[in-house]
Amino acid sequence: MDFQDIILKLDRYWAKQGCALLPPGGAVRRAPGGQLCLAGAAGCAALPPDGLEGRYRYRVVLDPAPAGVRRVFLDSLRAAGLDRSEHDVRWLAFDGEAGTGWEILLDGLPLARFIYLPAPAGAGFRPAAAEIVTGLERLALVSQRKKRAADLCWSRRLTYGELHGGEGQ
Amino acid sequence: MTPRDVLLELLADPLPAGCVRSAAEQLKRLAAEEFAGAGLACGSVEAYGTCRRLVLYAAGVTGGQMVKTLSDIFPRILSRLEFQQARAWEPSGFRFPRPVRGLLALHGDRLVAFSAAGLRSGRTTEGHEALGPRRLSLASAEKYFKTLEHASVLVKEDGRLEAMNAALEAASRRMKLGIEAHEETLGECLYCAEYPVPVISGFAQEFLALPPERLRGVLRSLRFFPVSDDDGRLQPYFAAFRDGVSKGQRNVEDGFRAALESRLQQIS
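Residues numbered from 1 in each chain as written. Chains lettered and ligands numbered in written order. Predicted model: local features only at pLDDT ≥ 70, side-chain atom pairs only at ≥ 80, totals over all residues. Heavy atoms only, no water.

**Thoughts on the overall build of chain B**
In step 1: Along its length, chain B carries 7 helices and 15 strands.
In step 2: With respect to the principal axes defined by its C-alpha atoms, chain B has extents near 70 × 40 × 30 Å.
In step 3: Burial status across chain B gives 54% buried among its 268 residues.
In step 4: Long-range pairs, those at least 24 residues apart, make up 67% of the contacts in chain B between residues at least 6 apart in sequence. (Helix = DSSP H or I, 4+ residues; strand = E, 2+ residues; numbered from the N terminus. Buried < 20%, exposed > 50% of the residue type's maximum accessible area, 1.4 Å probe, protein only. Contact = heavy atoms within 4.5 Å.)

See the structure below:
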């Protein structure tokens, strides 16, 4: 599955889950107390310091997070061409000010960060919102069974390396 | 009435490895207290923990009005558990390190009905996550450990430790090399996998030029086990554990190797 197909499959998958697909840079202002469900891919000019590989991320925000949210996430990986049973998936827990969650390792390498955002102060109980950020390069490397990002097929004609001045060697 | 076994299982999102052992110890202590307080006699009370579940198992429990008594005791035991980091995930006010996804409670073949953490107890649970979202239905408490083992979950810490030690010994014999089964690393692995499956991988020779203790430190920080020859010289291999099935071992070996080599590159 080409890199761009992975993005398309993830878009379709999350849209089916009821997410609004948001182009990068879209500034959403929600109604107070309203529900929110967003998804979309984004690229960064500088490598983001989030512990994930590469410069492309797929970000999903689910507020409130449904009970089966982890399973929904695992199924999204399958939609992107990854067979869960052929890999080791680890959920390394962390608790911090930014929230409570996991660094998700795929075969020992960082794949995604899953965070339950801290509850907003006051106004009684609110169910937790979840933010899931997946490193698309890592996902594509596994899905395409490649070793180097530069060799990833971006589209039928172009590789990741050709599109990024040979980056990812 | 013949004494039957009593089971309580709490299924959750993956728990921080550090909190499980203490939670299982508390569970055992609180259960013994509550059972004694309610006048229930039992053969033994044990508690176990994995990265996704806390389990209380009491064998041969007798007393009056068992199911009724247990349905009062179980929610009380759960609400008395203490954690360093916990929050409320639903409106009931129950606090836990991660969201609770299921409660299983049986006395023999009878359901012990109660509510806690915004959930009602039932007689179903889940097996290993790698097997998919299949629900397991329990006919009786006594069938619990066997049923879970068939679904690739070793509930008891002893069982997992034994499986890990046996796997390391077998791999060591096969390689004709020693695997340094560091106790602390084994302890960390204990709460990282519900079904530890051994993985043997290697790294580039050039990293053997690093100071051996440095190399051992990096391996252990990734929960990998160093491999050495009879004279204790490190070899360019390591052992590790993955969680779940043994399909796609090659993917895991390559991934673990890449994770290690990128860490080694940073320090050399």
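**Description of helix α3 (residues 136-144) of chain A**
Count 3.6 residues to each turn of an α-helix, and residues three or four apart come out pointing the same way.
Residues and elements named next belong to chain A.
In step 1: Of all 9 residues in α3, 9 are buried; the element is thus mostly enclosed.
In step 2: Residues of α3 that are buried include every one of L136, E137, R138, L139, A140, L141, V142, S143 and Q144, and no others.
In step 3: Phi for R145, located one or two positions after α3, is positive at around 55°.

**Observations regarding the side chain of B:D229**
Residue and element names in this part refer to chain B.
In step 1: Structurally, the position occupied by D229 is in the loop between β14 (225-228) and β15 (234-243).
In step 2: Taking relative accessible area as the criterion, D229 reaches 17% and is therefore assigned buried.
In step 3: Only 3.0 Å separates the side chain of D229 from the backbone nitrogen of D231, close enough to count as a polar contact.
In step 4: Not counting residues within four places of it along the chain, the set of residues in contact with D229 comprises L177 and Q235. (Polar contact = N/O pair within 3.5 Å; in protein donor to acceptor, adjacent residues only side chain to side chain.)

**Here we look at the sheet that holds strand β12 (residues 178-179) of chain B**
What holds strands together in a sheet is hydrogen bonding between their backbones, with the strands either parallel or antiparallel.
Residue and element names in this part refer to chain B.
In step 1: Taken in spatial order, the 4 strands line up as β12-β14-β15-β13 in an open sheet, and their pairing is antiparallel. The open sheet has two edge strands with one neighbour each: β12 and β13 (196-202).
In step 2: Taken together, the 2 bridges between β12 and β14 define a ladder with antiparallel strand orientation. The residue bridging I179 from the neighbouring strand is V227, located in β14. (Pairing = 2+ DSSP bridges.)

**Some points on the nonpolar core**
In step 1: Ranked by internal contacts, the top residues of the largest apolar core, which has 94 residues, are A:W14, A:L136, B:F74 and B:F96.
In step 2: Inspection of this core shows a minimum of three residues originating in each of domain 1 (4-150) and domain 2 (157-267) of chain B.
In step 3: When sequence neighbours within four positions are dropped, the list of residues in contact with A:L136 reads A:F3, A:I6, A:I7, A:L10, A:A41, A:Y56, A:R57 and A:Y58.
In step 4: Listed in part, the 17 residues of the second largest apolar core include B:F203, B:L215, B:A240 and B:F256. (Core = buried A, V, L, I, M, F, W, Y, C linked by side-chain atoms within 4.5 Å. Domains from an automatic or database assignment.)

**Overview of the environment of A:E103**
All names here are of chain A.
In step 1: Inspection of the secondary structure puts E103 in strand β5 (residues 99-106).
In step 2: Taking relative accessible area as the criterion, E103 reaches 24% and is therefore assigned partly exposed.
In step 3: C-alpha separation for the pair E103 and R57, spaced 46 residues apart in sequence, amounts to 14 Å.
In step 4: If sequence neighbours within four positions are ignored, E103 has contacts with R90, W91, L92, F94, P110 and A112.

**Brief notes about the interface of chain B and chain A**
In step 1: With 35 residues of chain B in contact, the opposing surface of chain A contributes 32 residues.
In step 2: Counting each side, the surface lost to burial between chain B and chain A is near 2700 Å², with a carbon and sulfur contribution of 48%.
In step 3: Area buried by chain B at its contact with chain A is led by B:R87, B:R98 and B:E129, which between them contribute 22% of it.
In step 4: At the surface where chain B touches chain A, the tally comes to 4 salt bridges.
In step 5: A salt bridge links B:E129 to A:R70, with the nearest nitrogen and oxygen atoms 2.6 Å apart.
In step 6: One can count 18 residue pairs in polar contact (both at pLDDT 80 or more) joining chain B with chain A.
In step 7: When residues in the side of chain B that touches chain A are grouped by element, the largest group, 7 residues, is from helix α7 (residues 249-267) of chain B.
In step 8: Taken together, the residues of the side of chain B that touches chain A break down into 17 nonpolar, 6 polar and 12 charged. (Buried area = accessible area lost by both parts, 1.4 Å probe. Salt bridge = Lys/Arg side-chain N within 4 Å of Asp/Glu carboxyl O. Nonpolar A, V, L, I, M, F, W, Y, C, P; charged D, E, K, R; others polar.)

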